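Observations on the three-dimensional arrangement
Chain by chain, the residues:
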Amino acid sequence: MDVQAQSAIATKLFINISVLSIALNSSFFVYLLYSNRLYDLGKCCSSAVLLILPLSEVLKHFYVKQMFQLETGLKSGPPSSSSSSSSSSSGRSAGVANARAGRTRWREWFGAAVLFTLATLFYAFICVVLGAPLDQYEETSSLALTLTTVTIFPIILLIGQSHTYQLLLSETLELKSPLTNSYLNLLKNNCIGVILGAWGASVVAPLDWDRPWQVYPIPNVVGSIGGLFGMNVFNLMSTVYISMYRNRRAKAQ
């Protein structure tokens, strides 16, 4: 596939996933406002409203996987074998292979759960360092879970927990497909928007407006999702602009 075709597919991917993310985030905000669930954001133990966020990320992941057939293996890694070494293998060897694949899948899920937990604890620690009250552990847990769900969780879904560890440790991660690399960079940009949004929303906390939505961690949770929304809008606008610019240059030549 030539560079121009790859660029066209990447543009389509960025536009589609940005539009889907904007729609899901907008629906989440509308649900919070019209169901009067905004003030439940800090109660992760008594409210299931935050479960909407991981469901949204899973929906986006399966949409991208099915529509664009992303390859998530490492470029330098050995080719994976999807069949047994002998075409005439017995039913016993096939059963062993299936059991081994099942154990690998369970290890991957367990490792992903451990990584998700570690990331949540890290975010909670950062929140406490930045001034979160120590006695409001449920509120801090809600914020940490939200941050982990919209930053680390989509990357785990895309490249798996082992590659996510490498990425978090600042190791060079080059995937087989250029399209998957582009999408991974998009997810990393989303992380920047989420963190900036959560941090920037803290400015309303010390104001003496005495509004119920100023109570920790409501501004930070809303700010993190708003940061994701804003980054998706930026990704959409920049992708459309670059695509229009390239089309104008191609017609001019």
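Residues numbered from 1 in each chain as written. Predicted model: local features only at pLDDT ≥ 70, side-chain atom pairs only at ≥ 80, totals over all residues. Heavy atoms only, no water.

1. Remarks on the overall build of the protein chain
- Counting its secondary structure elements, the protein chain contains six helices and zero strands.
- In the protein chain, the order of α-helices and β-strands from amino to carboxyl end is α-α-α-α-α-α.
- In the protein chain, the proportion of contacts linking residues at least 24 apart, taken out of those at least 6 apart, comes to 77%.
- Element-wise, carbon and sulfur atoms account for 63% of the exposed surface of the protein chain, whose accessible area totals about 15200 Å². (Helix = DSSP H or I, 4+ residues; strand = E, 2+ residues; numbered from the N terminus. Contact = heavy atoms within 4.5 Å. Areas by Shrake-Rupley, 256 points an atom, 1.4 Å probe, with all protein chains shown as cover.)

2. A closer look at the side chain of Asn25
- Here Asn25 lies in helix H1 (residues 3-34).
- By relative accessible area, which is 7% here, Asn25 ends up buried.
- Discounting chain neighbours no more than four positions away, the residues touching Asn25 are Ile225, Leu228, Phe229 and Asn232. (Buried < 20%, exposed > 50% of the residue type's maximum accessible area, 1.4 Å probe, protein only.)

3. Looking at the packing of aromatic side chains
- This structure, assessed with the given rule, holds four aromatic pairs.
- Taken together, a centroid distance of 6.3 Å and an interplanar angle of 55° make the contact between Phe122 and Tyr123 tilted. (Phe/Tyr/Trp six-rings, centres within 6.5 Å; stacked < 30°, edge-to-face > 60°.)

4. Some points on the environment of Pro217
- Turning to its location among the elements, Pro217 is positioned in the loop between helix H5 (178-200) and helix H6 (218-252).
- Residue class for Pro217 comes out buried when judged on its relative accessible area of 1%.
- When the C-alpha atoms of Pro217 and Glu139 are compared, they prove to be 5.9 Å apart, with 78 residues separating the residues in sequence.
- The contact partners of Pro217, leaving out residues within four places of it in the chain, are Gly42, Glu139 and Leu143.

5. Some remarks on the nonpolar core
- Residues Phe28, Leu32, Leu41, Val49, Leu143 and Leu147 are the most contacted members of the largest nonpolar core, which totals 27 residues.
- Those residues in contact with Leu41 that sit more than four places away from it in its chain are Phe28, Leu32, Val49, Leu50, Ser142, Val221 and Val222. (Core = buried A, V, L, I, M, F, W, Y, C linked by side-chain atoms within 4.5 Å.)

6. With respect to the environment of Pro54
- Among the structural elements, Pro54 can be located in helix H2 (residues 52-68).
- Taking the C-alpha atoms as reference points, Pro54 and Thr149, separated by 95 residues in sequence, lie 6.0 Å from one another.

7. Digging into a nonpolar patch on the surface
- A surface patch of nonpolar side chains, amounting to about 720 Å² of accessible area, comprises Phe125, Val129, Leu130, Ile192, Leu196 and Trp199.
- Elements supplying a minimum of two residues to the nonpolar patch: helix H3 (91-129) and H5.
- For the nonpolar patch, the element with the most residues is H5, which contributes three residues.
- Mapped onto the elements, Leu196 comes out in helix H5.
- Its relative accessible area of 53% is what places Leu196 among the exposed residues. (Patch = residues over 30% accessible without salt bridge, like charges linked within 9 Å, V, L, I, M, F, W, Y side chains within 5 Å. Salt bridge = Lys/Arg side-chain N within 4 Å of Asp/Glu carboxyl O.)

8. What to know about the packing of H1 against H6
- Axis separation between H1 and H6 bottoms out at 9 Å; the angle between their running directions is 150°. By the angle between their axes, H1 is roughly antiparallel relative to H6. H1 and H6 meet at a crossing whose hand is left-handed.
- Split by residue class, the contact of H1 with H6 holds 13 nonpolar, 11 polar and one charged. (Axes fitted to C-alpha atoms, helices over the stretch in contact; angles between N-to-C directions. Parallel < 35°, antiparallel > 145°, perpendicular 65-115°, else oblique. Left-handed = near helix turned anticlockwise from the far one by under 90°. Nonpolar A, V, L, I, M, F, W, Y, C, P; charged D, E, K, R; others polar.)

9. Concerning unusual backbone geometry
- Cis geometry is adopted by the peptide bond preceding Pro217, which originates at Tyr216 and carries an omega value of 5°.
- In this model, Asn36 sits at a positive phi of 60°, which is unusual for a non-glycine residue.
- Mapped onto the elements, Asn36 comes out in the loop between H1 and H2.

10. Remarks on the confidence of the model for the protein chain
- Considering every residue of the protein chain, the mean pLDDT works out to 85; 87% of them sit at 70 or more.
- Taken together, the stretch residues 77-88 has pLDDT below 50 and engages in one contact with residues farther than four places along the chain or on a different chain. (pLDDT = per-residue confidence, 0-100.)

11. Considering the UniProt feature "transmembrane region" (unreviewed entry) in the protein chain
- Per the UniProt record, the feature "transmembrane region" (unreviewed entry) sits at residues 13-34, 109-131, 143-165, 186-205 and 225-244.
- Here residues 13-34 is 100% helix and 0% strand, with 31 Å between the C-alpha atoms at its ends.
- Between the C-alpha atoms that bound residues 186-205 there is a distance of 30 Å. The span itself is 75% helix and 0% strand. (UniProt positions renumbered as here; feature names shortened; annotations may be inferred.)

12. A look at the pattern of salt bridges
- This structure, assessed with the given rule, holds two salt bridges.
- Linking Glu57 and Lys60 is a salt bridge whose minimum nitrogen-to-oxygen distance equals 3.2 Å. Of this pair, Glu57 and Lys60 both sit in helix H2, three residues apart, which is roughly one turn of the helix.
- For Glu57, a relative accessible area of 8% gives the class buried.

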